[in-house]
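So the chains spell out like this:
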Amino acid sequence: MDKLETLKKYFGHQAFRPGQESLIDGILSGRDVLGVMPTGGGKSLCYQIPALLLPGLAVVISPLISLMKDQVMALQQAGIPAAFLNSSLSEEELRGVYRRAWAGEFKLLYVAPERLAAEGFLNLMREAEISLVAVDEAHCVSQWGQDFRPSYLRIPAFLSRLSRRPPVAAFTATATQEVRRDMTQLLDLREPLTLVTGFDRPNLYFDVLRPKKKDPALLSLVRERQDRSGIIYCATRSAVEKVCALLQSRGIPATRYHAGLDEEERKRNQEDFRFDRRPIMVATNAFGMGIDKSNVSYVIHYNMPKSPEAYYQEAGRAGRDGEAADCILLYSGADLVTARFLIENGRDNEELTGEQRAQAIRRDYERLEKMAGYCAHSGCLRGYLLDYFGQEHPDRCGSCGNCTGEFVTEDVTRQAQMILSCVKRAQDKLGYNVGSTLIAQTLKGSRGRRLLELGLDELSTYGLMKGQSAQEINSCIQLLTDKGYLLRDSGYGGLLLAPKAGEVLFREEGVTRWVRLAAQPELLPREERPARRKERLPAPGEEGLFQALKKLRYRLAQKENVPPFMIFSNATLTDMAAKQPRSLAELLEVSGVGEKKAEKYGAAFLLAIGEYLDGQ
Ligand code: ADP
Ligand code: ZN
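Residues numbered from 1 in each chain as written. Chains lettered and ligands numbered in written order. Predicted model: local features only at pLDDT ≥ 70, side-chain atom pairs only at ≥ 80, totals over all residues. Heavy atoms only, no water.

**Student:** Describe the environment of Val-562, naming the residues involved and giving the relevant values.
**Tutor:** Its location among the elements puts Val-562 in the loop between helix 22 (543-560) and helix 23 (564-567). Overall, the relative accessible area of 7% leaves Val-562 in the buried class. Spatially, the C-alpha atoms of Val-562 and Arg-274 are 8.9 Å apart, while their sequence positions differ by 288 residues. If we skip the residues at most four places from it in the chain, Val-562 touches Met-73, Gln-77, Phe-275, Ala-557 and Ile-567. (Helix = DSSP H or I, 4+ residues; strand = E, 2+ residues; numbered from the N terminus. Buried < 20%, exposed > 50% of the residue type's maximum accessible area, 1.4 Å probe, protein only. Contact = heavy atoms within 4.5 Å.)

As structure tokens, this is what we get:
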């Protein structure tokens, strides 16, 4: 069997996605590979298919227990023998997995990095034939990234203890240069075939809203998407509690997740969400890594997250089935205050030296600033994110709030002059450059301690923009940076004037910005919104059959105790309703129907299709 046949037979897909084929070929030819793909890009198949094609056992190192469980369950559904080893198993279950692994029953074995040093595990690894070692979420090895896991540093030692070094395949969705370099070095990859696929997720629609009051805006966004599954991310546990209670009080089937709940409740709520009993999850960022629920059709951020990486990863949990999905961020200036607080207190219980901690915090601030830049951005939002990940893109995507919204221009020359002259005066006074926060505080006339210590209250520009909100001042500073009037020094990110700032300061060159009109399309009913993208929804004549198939899927899911999307995705049911197969051969033509699933569920679905069509 070749790789395309394997893709069809086990996973029911008709073609590879960009990048998948080269990575698979790389592994099959015995090379190390490094795959950088966005969340939902299809990384798992890149090692699962070689695992099926190569003799022996593939070891998958994965950071999170919930992720392993889901992946193994999905593999078993597709008829692939797989198992996981982690601390959630009982002694007896562990022994069972070891026994079957020794007997050579599995093609894939998922393990947590902590297990790599365990003697019993190493014995198995030295004796068994290892086809490949896949490292999922490989950025966890890097201190530059957000999710540093010291136990990932043990991977090279583990590899060196194997009797033969198999190809090592590392995957991540984090693309910054430093992290990429770290992955190659610290995981000891040998001349890896490196493939960075496009980060764009065309089926995601991005928007930032600044409602005066978030709660009514949130309610209207959620109501408008009733029957759909969504995640609402909040910055703090208390916000999760508040928002979840709000939704529930309005009869919306929401549940919640954060690290303050006991494990049993976390598990219960997560399952309610996965099985669509409560299709709306309100959560902190503790929720998600490892949630492979493909039918999430929107992700709303009730607060601004702390970095573009975090945002893209969390928002990217929408639309993993390829269907149109929405990523909406509700921004307010207070989010910035919360985010700063979380940064200052966020790394206390990590095992870092003082120096490492200071550096990590500095990087956290840099990322926060980029995130704030996203919220203030008036150009294409998708473009902003792709820029951050170093990917080229057209000026306008045509499918984000800023590309579809209505704008008017506003003259901000006066504000620009005040900001530029404040930057200049601060620099003249201190002899070095201060960052945007201090500049904004000075213009606002704040009594901040640091500001007073530096004597910035003595500047003639102190309090000049008293009447404006901190958010307005910040977004104006961002605008001047975007337009190249202000620069940031490479060391500490202090602001300094670009040569062309003189045009504005002395020659009164005008500065304008685009302001989006208040009537924001996302707050309009769905029908009234401007057309903006292809939605792969069932055609009107196919809706009835689609609903019938969904009901059948739900019944089967309840019976087997698996989440509905693990039987077939919505995209598969839509395709099935369109193709209306009447035989097993025709059913296999439907995208997402592999042999095993056809065998298992084919009869039931064909029967339902027959009944539906005959009853027409
Ligand atoms: P990642 O690990 O990169 O976040 P996954 O491996 O979980 O992404 O894949 C995301 C989704 O894309 C899954 O639902 C998977 O079935 C689907 N998928 C992956 N490869 C293909 C393909 N070649 N054709 C169609 N769907 C695919
Ligand atoms: Zn756009």
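**Student:** Talk me through the coordination of the zinc ion (ligand 2); I want residue IDs and the actual numbers.
**Tutor:** At the metal site, the zinc ion (ligand 2) is ligated by Cys-380 (SG), Cys-397 (SG), Cys-400 (SG) and Cys-403 (SG), and these contacts range over 2.3 to 2.4 Å. Coordination at the zinc ion (ligand 2) is tetrahedral: its four donor atoms span angles of 101 to 119° at the metal. When the donors of the zinc ion (ligand 2) are listed by position in the chain, the intervening gaps give C-x16-C-x2-C-x2-C. (Donors = N, O, S within 2.8 Å, 3.2 Å for Na, K, Ca; no water. Tetrahedral: all angles 85-135°; square planar, octahedral: opposite > 155°, others 65-115°.)

**Student:** Just give me the short version of the side chain of Thr-172, but keep the residues and values in it.
**Tutor:** Following the sequence through the fold, Thr-172 ends up in strand 6 (residues 168-172). We classify Thr-172 as buried; its relative accessible area is 1%. In terms of polar contacts, Thr-172 uses its side chain to reach the side chain of His-139, at 2.8 Å. (Polar contact = N/O pair within 3.5 Å; in protein donor to acceptor, adjacent residues only side chain to side chain.)

**Student:** I'd love a proper account of the sheet that holds strand 11 (residues 280-283), names of residues and values included.
**Tutor:** Reading across the sheet, the six strands line up as 8-13-12-9-11-10 and stay open at both edges, with parallel pairing between neighbours. Either end of the sheet is taken by a strand with one partner, and the two such strands are strand 8 (204-209) and strand 10 (254-257). Going from strand to strand, the sheet's axes swing by 15° on average, the running direction of each strand aside. Packed onto the sheet, helix 12 (residues 308-315) meets strand 8, strand 9 (229-233), strand 12 (296-301) and strand 13 (325-330) and runs at close to 150° relative to strand 12. (Pairing = 2+ DSSP bridges. Axes fitted to C-alpha atoms, helices over the stretch in contact; angles between N-to-C directions.)

All we've got here are geometric facts, nothing functional implied.
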